[in-house]
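Each chain, written out:
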Amino acid sequence: MRLLLTDKPLKIKFAENNENKYIDLSNLKISNCVGCFSCWTKTPGKCVIRDDATKVYPIIAKSDNVLYVSKIKYGCYGSIMKTMLERAIPIQQAFIRLLNGEVHHVQRDVSMKKAVIIAYGDISKDEQEIFKRLVEHNAHNMNFKEFKIIFTREENLEEVVSKEVIKWGE
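Conventions used here
- Residues numbered from 1 in each chain as written.
- Predicted model: local features only at pLDDT ≥ 70, side-chain atom pairs only at ≥ 80, totals over all residues.
- Heavy atoms only, no water.
- Helix = DSSP H or I, 4+ residues; strand = E, 2+ residues; numbered from the N terminus.
- Buried < 20%, exposed > 50% of the residue type's maximum accessible area, 1.4 Å probe, protein only.
- Contact = heavy atoms within 4.5 Å.
- Core = buried A, V, L, I, M, F, W, Y, C linked by side-chain atoms within 4.5 Å.
- Polar contact = N/O pair within 3.5 Å; in protein donor to acceptor, adjacent residues only side chain to side chain.
- Salt bridge = Lys/Arg side-chain N within 4 Å of Asp/Glu carboxyl O.
- Patch = residues over 30% accessible without salt bridge, like charges linked within 9 Å, V, L, I, M, F, W, Y side chains within 5 Å.
- Areas by Shrake-Rupley, 256 points an atom, 1.4 Å probe, with all protein chains shown as cover.

What's the story with the environment of Lys 148 in this structure? I'm lost.
Relative to the elements of secondary structure, Lys 148 occurs in strand 8 (residues 144–152). By relative accessible area, which is 33% here, Lys 148 ends up partly exposed. Separated by 117 residues in the primary sequence, Lys 148 and Ser 31 place their C-alpha atoms 28 Å from one another. When sequence neighbours within four positions are dropped, the list of residues in contact with Lys 148 reads Ala 115, Val 116, Ile 117, Glu 164 and Lys 167.

Below, the structure is given as structure tokens:
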């Protein structure tokens, strides 16, 4: 499955079907994670907060190609994307493993992902470097088998996203 997960509406050609999903997080009600860890202890794999995030994180888990589109603030995902990624913790287990000398969570039933992160905004070189390190550190917990980051200005965003979506059809 291919997933286009964005923090803002995009006016691009995108054929949504069983294999292609488009999710605009800005149109959804997604509350902040409260850190109760019930998704690991009381209701394994399921968040106890009943909002739209419970429909999104299973799609993230099943997707093997993900295109993340996020505004970057201070070298980090924008608040809408960051909130969703934090709420996707039920796709991981509380158990940890050593991987290349680092501690990482064991995944539930999560597909390995080819990820493209399109980071937009007025992003300084320092912020770009901070964001690159963030993605590199999170790659194992997000189950990326490979990833690339594309930095762009907001006015070029739809063109850049369209080019990446076209590559899915190749």
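Picking up after the structure, the text goes on.
I would appreciate a short explanation of the nonpolar core in the present structure.
Soluble globular proteins tend to bury their nonpolar side chains together. Ranked by internal contacts, the top residues of the largest apolar core, which has 32 residues, are Leu 5, Leu 25, Ile 60, Tyr 68, Met 84, Ile 117 and Phe 144. Elements supplying a minimum of two residues to this core: strand 1 (2–6), helix 1 (53–62), strand 3 (65–73), helix 2 (79–87), strand 7 (113–120) and helix 3 (125–138). Take this core: its biggest share by element is 6 residues, from helix 1. Beyond its immediate chain neighbours, meaning those up to four positions away, Ile 117 contacts Tyr 68, Tyr 77, Phe 131, Val 135, Phe 144, Phe 147, Lys 148, Ile 149 and Ile 150. The next biggest cluster of nonpolar side chains, apart from the first, holds 15 residues, and it includes Ile 12, Leu 67, Val 69 and Ile 118.

In this structure, what is going on with the environment of Gln 93? I would like to understand it.
Following the sequence through the fold, Gln 93 ends up in strand 5 (residues 92–99). Sequence spacing of Gln 93 and Arg 108 is 15 residues, and the spatial spacing of their C-alpha atoms is 6.1 Å. In this structure Gln 93 touches Trp 40, His 105, Val 106, Gln 107 and Arg 108, once residues within four positions along its chain are discounted. Here Gln 107 takes part through its backbone oxygen, which lies 3.2 Å from a polar atom of the side chain of Gln 93.

I would appreciate a short explanation of the pattern of salt bridges in the present structure.
Between side chains of opposite charge, pairing is possible as soon as their charged atoms come close. Going through the model one piece at a time under the given rule, you end up with 11 salt bridges. In this structure, Glu 129 and Lys 132 form a salt bridge, with 3.2 Å as the shortest nitrogen-oxygen distance. One end of the pair is Glu 129 and the other is Lys 132, both in helix 3 and 3 residues apart, which spans about a single turn. It is possible to trace a salt-bridge network through shared partners that takes in Lys 8, Lys 71 and Glu 154.

Where do I start with a nonpolar patch on the surface in this structure?
A grouping of Ile 96, Leu 98 and Val 103 is seen on the molecular surface, where their side chains present a nonpolar patch of about 330 Å² in accessible area. When you line up the elements, Val 103 lands in strand 6 (residues 102–107). Accessibility expressed as a relative area gives 51% for Val 103, which makes it exposed.

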